[in-house]
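Structural description and commentary
If you want the building blocks of each chain, they are given just below.
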Amino acid sequence: MPKTKAQKEEILKKIRENLDKQKAMVFVDFAGIKVKELLGFRKQLKQLGATLQVVKKTLFQRALQEKNVPLDAKQLQGEVAAVFAFQEPLGAIKSAYQFAKANPRLKVLGGYFENMVYEAGALQELANLPSREQLLSRFVGTLAAPMSGFVSVL
């Protein structure tokens, strides 16, 4: 059953709110995913301060144009959902790729991060980056290595 104009306006309003608050977006094709699996993915995202919203391409395109996001949503293939990251942008990107690895029916189509549109391959490179904590621990280990070497020599 087609949606009424009021329902479409409500959906558009929700998309606009999410676009205003987001720090990153990941676009996924969820065709063939079971509802139970998708609910599990939504729970993972909620813990990271992100949300998954199924969007109609025409409404999504209109909201993107209003917010000056240079993306053509109509060129995204399949049934499209957007993952809006509100707190930790890389955490949501990593979570989407981990879920896509566990469920091959979910396909990451691309994303929007730091005012740039990324292809799926570029997003995967971002997802493979170590976390901030891992980078800090490597840095501290590098700083401490000469001191611990000197102590062992003594």
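Residues numbered from 1 in each chain as written. Predicted model: local features only at pLDDT ≥ 70, side-chain atom pairs only at ≥ 80, totals over all residues. Heavy atoms only, no water.

**Some points on the pattern of salt bridges**
Counted under the stated rule, the structure contains 4 salt bridges. Glutamate 66 is paired through a salt bridge with arginine 16; the nearest N and O atoms lie 2.5 Å apart. Residue glutamate 66 is located in helix H3 (residues 57–66), and its partner arginine 16 is located in helix H1 (residues 5–21); the two are separated by 50 residues in the primary sequence. Between aspartate 20 and lysine 67 there is a salt bridge, and its shortest N-O distance comes to 2.9 Å. Of this pair, aspartate 20 sits in helix H1 while lysine 67 sits in the loop between H3 and strand S3 (80–85), and the two are 47 residues apart along the sequence. We classify aspartate 20 as exposed; its relative accessible area is 53%. The network of salt bridges with common partners includes Glu9, Arg16 and Glu66. (Salt bridge = Lys/Arg side-chain N within 4 Å of Asp/Glu carboxyl O. Helix = DSSP H or I, 4+ residues; strand = E, 2+ residues; numbered from the N terminus. Buried < 20%, exposed > 50% of the residue type's maximum accessible area, 1.4 Å probe, protein only.)

**Regarding a nonpolar patch on the surface**
Taken together, the side chains of Phe139, Val140 and Leu143 make up a nonpolar region of the molecular surface, amounting to roughly 300 Å² of accessible area. In this fold, leucine 143 is placed in helix H6 (residues 132–153). (Patch = residues over 30% accessible without salt bridge, like charges linked within 9 Å, V, L, I, M, F, W, Y side chains within 5 Å. Areas by Shrake-Rupley, 256 points an atom, 1.4 Å probe, with all protein chains shown as cover.)

**Quick notes on the sheet that holds S3**
The strand order across the open sheet formed by 5 strands is S2-S3-S1-S4-S5, and the pairing between neighbours is antiparallel. Each having just a single partner strand, strand S2 (50–54) and strand S5 (116–119) make up the two edges of the open sheet. Adjacent strand axes in the sheet meet at a mean angle of 20°, parallel and antiparallel pairs treated alike. In this structure, strand S1 (residues 24–29) lies alongside S3, joined through 6 bridges in antiparallel fashion. Considered in S3, the bridge of phenylalanine 27 is made with alanine 82. (Pairing = 2+ DSSP bridges. Axes fitted to C-alpha atoms, helices over the stretch in contact; angles between N-to-C directions.)

**With respect to unusual backbone geometry**
Outside of glycine, negative phi angles account for most residues, and trans bonds account for most peptide bonds. You will see that glutamate 114, though not glycine, has its phi angle at about 55°, which is positive. In this structure, glutamate 114 sits in the loop between strand S4 (107–113) and S5. If you check the backbone angles, asparagine 115 has positive phi at about 60° while not being a glycine. Relative to the helices and strands, asparagine 115 is located in the loop between S4 and S5. Its relative accessible area of 63% is what places asparagine 115 among the exposed residues.

**So, the nonpolar core**
Grouped together as the largest cluster of nonpolar side chains are 26 residues, with contacts concentrated most on Val26, Leu52, Val83 and Leu123. Only S1, helix H2 (35–47), S2, S3, helix H4 (89–102), S4 and helix H5 (120–127) provide two or more residues apiece to this core. It is H4 that contributes the most residues to this core, 6 residues altogether. Leave out the neighbours within four places in its chain, and leucine 123 touches Val26, Ile93, Tyr97, Val108, Gly110, Gly111 and Tyr118. (Core = buried A, V, L, I, M, F, W, Y, C linked by side-chain atoms within 4.5 Å. Contact = heavy atoms within 4.5 Å.)

**Some thoughts on the confidence of the model for the chain**
Looking at the chain, the pLDDT average stands at 85 and 99% of residues meet or exceed 70. Here H5 is the element of the chain with the lowest mean pLDDT, 80, and H2 is the one with the highest, 90. (pLDDT = per-residue confidence, 0-100.)

**Brief notes about H5**
Along H5, the residues classified as buried are Leu123, Leu126 and Ala127. Along the long axis of H5, the arc covered by the buried residues comes to 100°, so they all point the same way. Buried residues belonging to H5 abut S1, H4, S4 and S5. (Arc of directions from axis to C-beta.)

**Focus on the packing of H2 against H4**
Two elements in contact, H2 and H4, have axes separated by 10 Å at closest approach and are oriented at 155°. One element, H2, and the other, H4, form an angle in the roughly antiparallel class. For the pair H2 and H4, the crossing hand works out as right-handed. Touching Glu37, Phe41, Gln44 and Leu45 of H2 are Ala92, Ser95, Ala96 and Phe99, all from H4. Residue classes in the contact of H2 with H4 are distributed as 5 nonpolar, 2 polar and 1 charged. (Parallel < 35°, antiparallel > 145°, perpendicular 65-115°, else oblique. Left-handed = near helix turned anticlockwise from the far one by under 90°. Nonpolar A, V, L, I, M, F, W, Y, C, P; charged D, E, K, R; others polar.)

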